[in-house]
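Reading the structure
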Amino acid sequence: MFWSSLLSVSCAGLAYVLTANANKQYPLGTQNIHAEGLLKRYALSQLPGTRLEDILAQVGDSNAHVWDIGPSHIDVVYRQPHAQQLDLPIPDLGSVPLSHIEDLHRHTGKRDIGSLSNSTYHAVYHPLYEVEDFLQSMADAHPHMVALTNLGHTAEGREMLALRISKSDDELRSRGRDSISKKVGFVITGAQHAREWIATSTALYLAHALVAETDEDHALSSWLDYFDFYIIPVPNPDGYVYTWETDRLWYKNRQIVGPAEKCVGVDMNRLGHKWKSKSRLPSFSGDTNEAISDVSDPCSPWYPGHRPFESPEVNNIANFITTLPALKAYVDLRSYGQMLSTPFSYSCKKVPKDAEDQLEAALGAANAIKQVHGTHFTTGSLCDQLYKASGNVVDYMYAKAQIKFAYSVHLRDTGTYGFSLPAEWIRPVGEETANMIRFLAGFISGRNKKGAFHLYSLLRSPDHPTVADGKPLSSV
């Protein structure tokens, strides 16, 4: 891939069209991106006299649109690829056609769930009603293992659903295992940001792996002897539906934020821990007094709302978490960037008291991912790997919900397809993520065969991507 040499990437970029006047939102769905569209990546070099703000203004004044911004790149969509392209004062790293985006919407329908290995369900992305059918089918097929829970309602009145996957106390005793009272909880959430479809598809794959027969490849059901798993595949149902019906790249939920506001939606990844209403995006120039945009504008994709937990969806999740006993692990599935991140997000200087254990487990988990299909993940704090942002869900789960092993996992890829990852990658991503969950479960329960010495050797290995001083030691 022509972008593989980038040192690090971000998935929190701009998925709305910038204008020179305001953060006005425009749909950027399949109806607006033609098959001949082009996505072009530019390197954000520190050129004398060049500011990111000036580059954004130049893009905003043209017929091009910003797709994503990361610490080291900017992705620009040209809807007419044969038209004159921008002459930006930064290096051009290449381009990719967008014809695949329409393919993401073509092949849906009820699929056979069946066994994990033979199921066709994980061959395509699914709209919300098909996801809900899958969850109900799981509960019907495995009534002694799977329970479907309604967490509450969204801003638009949809139900929020979660799966509890576990083994009963009687079943454990019949097999000579420990009592259920000694089991601990493991929470997994899918796409909080609506456009990150691969996160929801991966959450569904993991749910399937947890009920699969133990002799199947990539099955996780043996870990039900030690954990109760709680999976929320679609934390943002309203936004997810909107990405299927209107705007493929929608980011927030869909709640009305004020009677006179022209834009809707709140960034759901802004919870209660160190929440700020006036947070600003980081400036690539390195000047802490500069920022790309003020997220207190309701039209910003990062708009945090007027107060913590203003989003009913976030409030439902937080309330659900408080009802769960003995939680030891939380994994927030995201896209894209191939990063496995620990707390904190709100500060690059503050270090969790459990940082050593968190990073040790993360290093092993990243290695477990690599063992399946060779995919490289970087590890480090979320602030160091991405940028400083207040109120992140991982910070909340660690600092407030007291979940020691809390991670943000940005799945494939590193920018070639970004949020529109081809459907044929769903299963490989699911398989490697299942191996990550397997390692984390083993590490937390103390049942990994390889001990701390192995993980320490990973930390010392120059071939393993980690983050130090905010910069990866090797490329993703």
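Residues numbered from 1 in each chain as written. Predicted model: local features only at pLDDT ≥ 70, side-chain atom pairs only at ≥ 80, totals over all residues. Heavy atoms only, no water.

1. Examining the overall build of the protein
A count of helical and extended segments in the protein gives 12 helices and 14 strands. Across the 476 residues of the protein, 61% fall into the buried class. Considering only intrachain contacts with a sequence separation of at least 6, the fraction spanning at least 24 residues in the protein is 78%. Surface summary for the protein: the accessible area is close to 18,700 Å², and the carbon and sulfur share equals 49%. (Helix = DSSP H or I, 4+ residues; strand = E, 2+ residues; numbered from the N terminus. Buried < 20%, exposed > 50% of the residue type's maximum accessible area, 1.4 Å probe, protein only. Contact = heavy atoms within 4.5 Å. Areas by Shrake-Rupley, 256 points an atom, 1.4 Å probe, with all protein chains shown as cover.)

2. Notes on the sheet that holds strand 11 (residues 378-381)
One open sheet holds the eight strands; their spatial order is 5-6-8-7-9-12-10-11, and the pairing between them is mixed. Two strands in the sheet have a free side with no partner beyond their single neighbour: strand 5 (146-153) and strand 11. Strand-to-strand twist across the sheet, computed as the mean angle between neighbouring axes with direction ignored, equals 20°. Looking at chain direction, strand 6 (residues 159-165) and strand 8 (residues 227-232) are connected through three bridges and run antiparallel. Residue pairing across strands places Leu-163 opposite Ile-231, the latter belonging to strand 8. Sheet contacts for helix 3 (residues 128-141): strand 5 and strand 6; angle to strand 5, the most-contacted strand, approximately 140°. (Pairing = 2+ DSSP bridges. Axes fitted to C-alpha atoms, helices over the stretch in contact; angles between N-to-C directions.)

3. Structural notes on helix 5 (residues 197-211)
Helix length check: helix 5 (15 residues) gives 22 Å between terminal C-alpha atoms against 21 Å at 1.5 Å per residue, within 8%. Among the 15 residues that make up helix 5, 15 are buried, leaving the element largely enclosed by the rest of the structure. (Expected span 1.5 Å × (residues − 1).)

4. Notes on the packing of aromatic side chains
Enumeration according to the criterion identifies 19 aromatic pairs in this entry. Here the aromatic rings of Tyr-230 and Phe-320 are separated by 6.2 Å at their centres, their planes lie at 80°, and the arrangement is edge-to-face. Separated by 90 residues along the polypeptide, Tyr-230 in strand 8 and Phe-320 in helix 7 (residues 312-322) bring together distant segments of the chain. Each of the two residues, Tyr-230 as well as Phe-320, counts as buried. Aromatic side chains Tyr-242 and Trp-250 sit 5.2 Å apart centroid to centroid with 70° between the ring planes, which places their arrangement in the edge-to-face category. Accessibility classification places Tyr-242 together with Trp-250 in one group, the buried group. In this arrangement the basic side chain of Arg-254 is found over the ring face of Tyr-242, its NZ or CZ atom lying 3.7 Å from the centre. The cationic tip of Arg-412 hangs over the ring face of Trp-425; the distance from NZ or CZ to the ring centre is 5.5 Å. (Phe/Tyr/Trp six-rings, centres within 6.5 Å; stacked < 30°, edge-to-face > 60°. Lys NZ or Arg CZ within 6 Å of the ring centre and 35° of its normal.)

5. Looking at the pairing of strand 12 (residues 405-410)
The buried fraction of strand 12 is high, at six of six residues. Going residue by residue along strand 12, you find Phe-405, Tyr-407 and Val-409 tucked away on one face and Ala-406, Ser-408 and His-410 tucked away on the opposite face as well. In this sheet, strand 12 lies alongside strand 9 (residues 327-334) in parallel orientation, the contact comprising six bridges. By the bridge assignment, Tyr-330 is partnered in strand 12 with Ala-406. As paired elements, strand 10 (residues 339-342) and strand 12 share three bridges and run antiparallel to each other. Each residue of the ladder has a partner; that of Ser-341, found in strand 12, is Ser-408.

6. Describing the nonpolar core
Counting 71 residues, the largest nonpolar core has Ile-165 and Phe-229 as the members making the most contacts within it. With 11 residues, the top contributor of residues to this core is helix 5. Among the nonpolar cores identified, the runner-up in size contains 25 residues, and Ile-321, Val-393, Val-394 and Ile-403 belong to it. (Core = buried A, V, L, I, M, F, W, Y, C linked by side-chain atoms within 4.5 Å.)

7. Examining the pattern of salt bridges
Enumeration according to the criterion identifies eight salt bridges in this entry. For Lys-183, the salt bridge is made with Asp-228, and the minimal N-O distance between the two is 2.9 Å. Placement of Lys-183 in the loop between helix 4 (169-174) and strand 7 (184-189) and of Asp-228 in strand 8 is noted, with a sequence separation of 45 residues between them. Grouping residues by exposure puts Lys-183 and Asp-228 together as buried. A salt bridge links Glu-432 to Arg-412, with the shortest nitrogen-to-oxygen separation between them at 2.8 Å. Here Glu-432 is found in helix 11 (residues 426-445), whereas its partner Arg-412 is found in the loop between strand 12 and helix 11, with 20 residues between them in sequence. Among the residues examined, Glu-432 registers a relative accessible area of 1% and is labelled buried. Where salt bridges share partners, they join Glu-156, Arg-158 and Asp-238 into one cluster. (Salt bridge = Lys/Arg side-chain N within 4 Å of Asp/Glu carboxyl O.)

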